[in-house]
Amino acid sequence: SNGSQDYSLIVTGSDLSIPLSTGNNELSNFMVWPNPAKEMVNYQFASQSNQTCLVQLIDLQGRVVYSQNVLGGTASVQGAINCSRYSKGVYFLCLNQGNQKIYKKVLLQ
């Protein structure tokens, strides 16, 4: 053996313009609206990894008030959070997938 290895790369999905990542930028295009929000917070992000992504809404005391697993692996993952039960104030919407975390500040009015 000369140490070389045969390998194949299989790419699926409709949008092949997304650069193949080396594990750094698997979560991107994270959008949250409306912000400030009253009753509903919508979120959208792109996931290049098939790993489950944990979506959490966290208050300033660090309490997780909302937590849901969503399936990654698509160019557009969308969801909505009903915030009508939560206190007004500043929260952080956190995406957590593998070793990646992205936060966005959300104001509930």
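Residues numbered from 1 in each chain as written. Predicted model: local features only at pLDDT ≥ 70, side-chain atom pairs only at ≥ 80, totals over all residues. Heavy atoms only, no water.

1. Examining the environment of M40
Here M40 is to be found in strand β2 (residues 40–47). Using a relative accessible area of 37% as the deciding quantity, one classes M40 as partly exposed. Not counting residues up to four positions away in its chain, the partners in contact with M40 are P34, A80, I81 and N82. (Helix = DSSP H or I, 4+ residues; strand = E, 2+ residues; numbered from the N terminus. Buried < 20%, exposed > 50% of the residue type's maximum accessible area, 1.4 Å probe, protein only. Contact = heavy atoms within 4.5 Å.)

2. What about the nonpolar core?
Counting residues in hydrophobic clusters, the biggest one holds 21 residues, and the most contacted among them are Y43, F45, V55, I81, Y86, L93 and L108. Of all the secondary-structure elements, those providing two or more residues to this core are β1 (27–33), β2, β3 (52–59), β4 (64–71), β5 (77–82), β6 (89–97) and β7 (100–108). Those residues in contact with Y43, other than ones at most four positions away along the chain, are F30, M31, V32, W33, V55, V70, V77, Q78, G79, A80, I81 and L93. (Core = buried A, V, L, I, M, F, W, Y, C linked by side-chain atoms within 4.5 Å.)

3. Examining the sheet that holds β1
Strands sit in the order β1-β2-β5 across an open sheet of three strands; the sheet is antiparallel. Where the open sheet ends on each side, the last strands, each with one partner, are β1 and β5. Mean inter-strand twist for the sheet, computed between neighbouring axes without regard to direction, equals 15°. (Pairing = 2+ DSSP bridges. Axes fitted to C-alpha atoms, helices over the stretch in contact; angles between N-to-C directions.)

4. Brief notes about the pattern of salt bridges
For the coordinates displayed, the defined rule picks out one salt bridge. A salt bridge links D59 to R63; the nearest nitrogen and oxygen atoms lie 2.9 Å apart. (Salt bridge = Lys/Arg side-chain N within 4 Å of Asp/Glu carboxyl O.)

5. Focus on the environment of L54
Turning to its location among the elements, L54 is positioned in strand β3. Spatially, the C-alpha atom of L54 lies 7.9 Å from that of C94, the residues being 40 residues apart in sequence. Leave out the neighbours within four places in its chain, and L54 touches S67, Q68, N69, C94, L95 and N96.

6. Section: the environment of A80
Along the chain, the position of A80 falls in strand β5. Once you skip the residues sitting within four places of it in the chain, A80 turns out to touch M40, V41, N42, Y43 and Y66.

7. Section: the packing of aromatic side chains
Using the criterion set out here, one finds three aromatic pairs in the structure. Consider the rings of F30 and F45, whose centres lie 6.5 Å apart with planes at 90°: the pair is edge-to-face. A residue pair is termed long-range when its members are at least 10 positions apart, and F30 in strand β1 and F45 in strand β2 qualify at 15 residues. In terms of burial, F30 and F45 fall into one category: buried. The interplanar angle of 40° and the centroid separation of 6.4 Å between the aromatic rings of Y86 and Y91 together place this pair among those described as tilted. Of the two residues, Y86 and Y91, neither departs from the other in class, the shared state being buried. By way of ring pairs, the aromatic residues F30, Y43 and F45 are connected into one cluster. (Phe/Tyr/Trp six-rings, centres within 6.5 Å; stacked < 30°, edge-to-face > 60°.)

8. Here we look at the confidence of the model for the protein
Of the residues in the protein, 78% reach a pLDDT of 70 or more, and the chain-wide mean stands at 85. At the level of individual helices and strands, the protein shows its lowest average pLDDT in β1, which scores 91, and its highest in β3, which scores 96. Confidence drops under a pLDDT of 50 for residues 15–23, and excluding neighbours within four residues, the segment shows ten contacts in the predicted structure. (pLDDT = per-residue confidence, 0-100.)

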